[in-house]
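Spelled out, the chains give:
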Amino acid sequence: MTQDEFSDLLDLYGADLSRWPLDQRVAAQALLASKSGEVWQIYQAAQFIDQQLAQPAAAPSRALLDRILLASTEVAEPPFNFWALFAGWQRAMAGGAICASLMAGLYSGWSTQLTAYSTVTSTTSSITTDDIPGLTYAPGEVGEWQ
Amino acid sequence: MLARQPDTTSMMSVASMAAPTCPNHLNSPLNSQELAARVSAGDRAAFAQLVQLHLPRTVAVAQRILMRRAEAEDVAQDVFIKYWQNPQAYQPGKALFATWLYRVTVNRALDVARKAKPLPLDENYDQEDPALSVIEQQAQKQRAQALAQAVALLPERQRAAIALSYQTELSDVDAAAALDITVKAYESLLVRARRTLREMMLKGGHHDAG
């Protein structure tokens, strides 16, 4: 590995050699072992940059959290969204359950109606005019059936 | 920009609101995705938990881009309030909540950075290492300030890539998604940023840090 290749890989992967691909890490370690002053300068600069940039920012104060929560009370609440209660597969499950209930309801209503219809038709087919009191055949009058 | 000094009389109710159904978010069985789903249904306690969970990194990302703490806090506040007003802006099927949140934060911080006049960096931008001697601490501080100035001179997109790479736990794929670019483009931003910083540090004679 040349010094330029080493610099390029430092820029790509950072100074933590454990994050480098194995073959490149071995080559880089061999280059560092050669104790070239310039290679070490490059490596230490990269280490310093990584270390500084990775420093965690100071934790936000409780006052900032309170300020955000307080500000959220001063703006309108988001409109209620039923579907938001379910995310991802839960939404699909909820949708499926609702559809299944609707289908079951429709089927149940339809089949009840069918039973009622068949009961009515089977009963009415056996009824004759004689079964209805006061209903007599009177031709020539206003209506045939009185 | 929202008011930064709230009425202190209401603070008690806010503090109690911040203690949601699950008192400690670290023990909470709810992850960000589930909390976001509850926020979409108007659950204020879930919102408080989500803010508590993501505020530190949101501020850190904004601070890395803006280089100033107060502005970074304003950006974080703005991002969370806008999210509360319109939680449907986050669409769970498209990205993880953190990816989406950092994308919004980066965009907002870049907007502010473009409009802001250049101001001096925060004095205490980088923290001191207590294990070093006073002289070493002084040298370390100078190097850290030189680096902070070098970071401030980077193009905004490179600063954003640096912020996501070092201040969040996003994978390269998610960080690229947060910036709306390909992974290759994200890596290219990082490479250019690191190279510029390294060259500036070496040119400035700050290469003897161990």
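See the structure shown above.
Conventions and cut-offs
- Along each chain, the written sequence defines residue order, and numbers are assigned to residues from 1.
- In the order they appear in the text, chains get letters beginning with A and ligands get numbers beginning with 1.
- Local features are withheld for residues below a pLDDT of 70 in this predicted model, meaning they are given only at 70 or higher, and side-chain atom pairs are given and counted only at 80 or more; totals for whole chains, interfaces and linings count all residues.
- No hydrogens and no water enter the side-chain calculation; it runs on all heavy atoms of the structure.
- Helix numbers and strand numbers start at the N terminus; a helix is a DSSP run of H or I with at least 4 residues, a strand a run of E with at least 2.
- Exposed residues in this analysis have more than 50% of their type's maximum accessible area, buried residues have under 20%, and partly exposed residues fall in between, with area computed by a 1.4 Å probe over protein chains only.
- Should any heavy atoms of two residues lie within 4.5 Å, those residues are counted as being in contact.
- Note on areas: Shrake-Rupley with a 1.4 Å probe; residue coverage comes only from the protein chains shown.
- Put simply, a salt bridge is a Lys or Arg side-chain nitrogen that is within 4 Å of an Asp or Glu carboxyl oxygen.
- Planes of paired rings set the category: under 30 degrees apart is stacked, over 60 is edge-to-face and the rest tilted, where pairs are Phe, Tyr or Trp rings (Trp by its six-membered ring) whose centres lie within 6.5 Å.
- Working rule: Lys NZ or Arg CZ, within 6 Å of ring centre, within 35 degrees of ring normal, means a charge sits over the ring.
- Grouping buried Ala, Val, Leu, Ile, Met, Phe, Trp, Tyr and Cys residues that are joined through side-chain atoms within 4.5 Å yields what is termed a nonpolar core.
- In a helix, the anticipated span is given by 1.5 Å times the number of residues less one.
- Arc definition: it is the arc formed by the directions from the helix axis to the C-beta atoms.
- Axis definition: a line fit to C-alpha positions, over the contact stretch in the case of helices; interaxial angles, taken between N-to-C directions, run 0 to 180 degrees.
- Crossings are sorted by hand: turned counterclockwise from the far helix by less than a right angle, the near helix makes the crossing left-handed, and turned clockwise it makes it right-handed.
- Under the convention adopted here, Pro, Cys and the residues Ala, Val, Leu, Ile, Met, Phe, Trp and Tyr are nonpolar, Asp, Glu, Lys and Arg are charged, and Gly plus all remaining residues are polar.
- For the purposes of these results, a polar contact is taken to be a pair of N or O atoms within 3.5 Å, where, inside protein, one atom must be able to donate a hydrogen and its partner to accept one; residues adjacent in sequence count only when each atom of the pair is a side-chain atom.

1. Brief notes about the overall build of chain A
(1) Moving on: If you tally the helices and strands in chain A, you get five helices and zero strands.
(2) Moving on: Starting at the N terminus and walking to the C terminus, you meet the elements of chain A as α-α-α-α-α.
(3) Moving on: The buried share of chain A, taken over its 146 residues, is 27%.
(4) Moving on: Sequence separation of at least 24 residues holds for 36% of the intrachain contacts in chain A that already meet a minimum separation of 6.
(5) Moving on: Carbon together with sulfur atoms contributes 62% to the accessible area of chain A, which is approximately 9400 Å² in total.

2. As for the pattern of salt bridges
Residue and element names in this part refer to chain A.
(1) Moving on: Evaluated as defined, the whole model comprises 13 salt bridges over all chains.
(2) Moving on: When the shortest N-O distance is used, the salt bridge between Asp-66 and Arg-62 registers 3.4 Å. One end of the pair, Asp-66, and the other, Arg-62, are both in helix α4 (residues 62-74), four residues apart, so they sit about a helical turn from each other.
(3) Moving on: Take Asp-66: its relative accessible area is 8%, and that puts it in the buried class.
(4) Moving on: With a relative accessible area of 42%, Arg-62 lands in the partly exposed category.

3. Side note on the packing of aromatic side chains
Aromatic ring pairs are reported here in terms of the distance separating the ring centres and the angle at which the planes meet.
(1) Moving on: In the structure shown here, the tally under the stated rule is 11 aromatic pairs over all chains.
(2) Moving on: Where A:Phe6 meets A:Trp20, the ring centres are 5.9 Å apart and the plane angle is 45°; that geometry is what we call tilted. Of this pair, A:Phe6 sits in helix α1 (residues 3-13) while A:Trp20 is found in the loop between α1 and α2 (22-33), placing the two residues 14 residues apart along the sequence. Across this residue pair, the class does not change: A:Phe6 and A:Trp20 are buried.
(3) Moving on: Taking the centre distance of 5.3 Å and the plane angle of 90° together, the rings of B:Tyr90 and B:Phe97 count as edge-to-face.
(4) Moving on: Through a chain of ring-to-ring contacts, the aromatic side chains of B:Phe47, B:Tyr83, B:Trp84, B:Tyr90, B:Phe97 and B:Trp100 assemble into a single cluster.
(5) Moving on: Between the NZ or CZ atom of B:Arg143 and the centre of the ring of A:Phe48, over which it lies, the distance is 5.3 Å.

4. Comments concerning the nonpolar core
(1) Moving on: Formed by 66 residues in total, the largest nonpolar core has its most connected members in B:Phe47, B:Leu55, B:Tyr83, B:Leu164 and B:Leu197.
(2) Moving on: Here this core takes 11 residues from helix α3 (residues 44-66) of chain B, the largest share from any one element.
(3) Moving on: Non-local contacts of B:Phe47, meaning those with residues more than four positions away in its chain, are made with A:Ile68, A:Leu69, A:Ser72, B:Val39, B:Phe80, B:Tyr83 and B:Trp84.
(4) Moving on: One finds A:Phe6, A:Leu9, A:Trp20 and A:Ile42 within the second-largest nonpolar core, a separate group that totals 13 residues.

5. Side note on helix α6 (residues 134-153) of chain B
(1) Moving on: Its 20 residues give α6(B) an end-to-end C-alpha distance of 29 Å, which sits within 8% of 28 Å, the value for a rise of 1.5 Å per residue.
(2) Moving on: Listing the buried residues of α6(B) in full gives B:Gln137, B:Gln140, B:Arg143, B:Ala144, B:Leu147, B:Ala148, B:Ala150 and B:Val151. Projection of α6(B) onto a plane perpendicular to its axis shows the buried side chains occupying an angular sector of 160°, all on one side. The outward face of α6(B), more than 90 degrees from its buried face, is lined by the exposed residues B:Val134, B:Ile135 and B:Leu153.
(3) Moving on: Where α6(B) is buried, its residues meet α3 (37-53) of chain A together with α3, α7 (156-167) and α9 (183-203) of chain B.

6. Concerning unusual backbone geometry
Residues and elements named next belong to chain B.
(1) Moving on: Even without being glycine, Met-67 reaches a positive phi, approximately 70°.
(2) Moving on: Considering the arrangement of structural elements, one finds Met-67 in the loop between α3 and α4 (69-85).
(3) Moving on: In this structure, Asp-180 is a non-glycine residue whose phi angle is positive, near 65°.

7. Some remarks on the packing of helix α5 (residues 97-115) of chain B against α7(B)
Residues and elements named next belong to chain B.
(1) Moving on: Closest axis-to-axis distance for the α5/α7 pair is 11 Å, and the angle between their directions is 145°. Along this stretch, α5 crosses α7, giving a crossing that reads as right-handed. Taking contact as the criterion, the partners of Tyr-102, Val-106, Leu-110, Ala-113 and Arg-114 in α5 are, on α7, Glu-156, Arg-157, Arg-159, Ala-160 and Leu-164.

8. Overview of the packing of α3(B) against α7(B)
All names here are of chain B.
(1) Moving on: Two elements in contact, α3 and α7, have axes whose closest approach is 8 Å; the angle formed by their N-to-C orientations is 145°. Between α3 and α7 lies a crossing of right-handed hand. Facing α3, whose interface residues are Arg-57, Ala-60, Val-61, Arg-64 and Ile-65, α7 presents Arg-159, Ala-160, Ile-162, Ala-163, Leu-164 and Gln-167.
(2) Moving on: Each residue belonging to the contact of α3 with α7 can be placed in one class, and the counts come to seven nonpolar, one polar and three charged.

9. A few points about the side chain of B:Arg194
(1) Moving on: Among the structural elements, B:Arg194 can be located in helix α9.
(2) Moving on: A polar contact is formed between the side chain of B:Arg194 and the side chain of B:Tyr166, at a distance of 3.0 Å.
(3) Moving on: When near neighbours in sequence (up to four residues on either side) are disregarded, B:Arg194 contacts A:Leu10, A:Asp11, A:Leu12, A:Tyr13, A:Gly14, A:Ile49, A:Asp50, B:Ser165 and B:Tyr166.

10. Overview of the environment of B:Ile181
(1) Moving on: Within the secondary structure, B:Ile181 sits in the loop between α8 (172-178) and α9.
(2) Moving on: Classification of B:Ile181 by relative accessible area gives partly exposed; the value is 23%.

Fair warning: the whole summary comes from geometry, so function is off the table for now.
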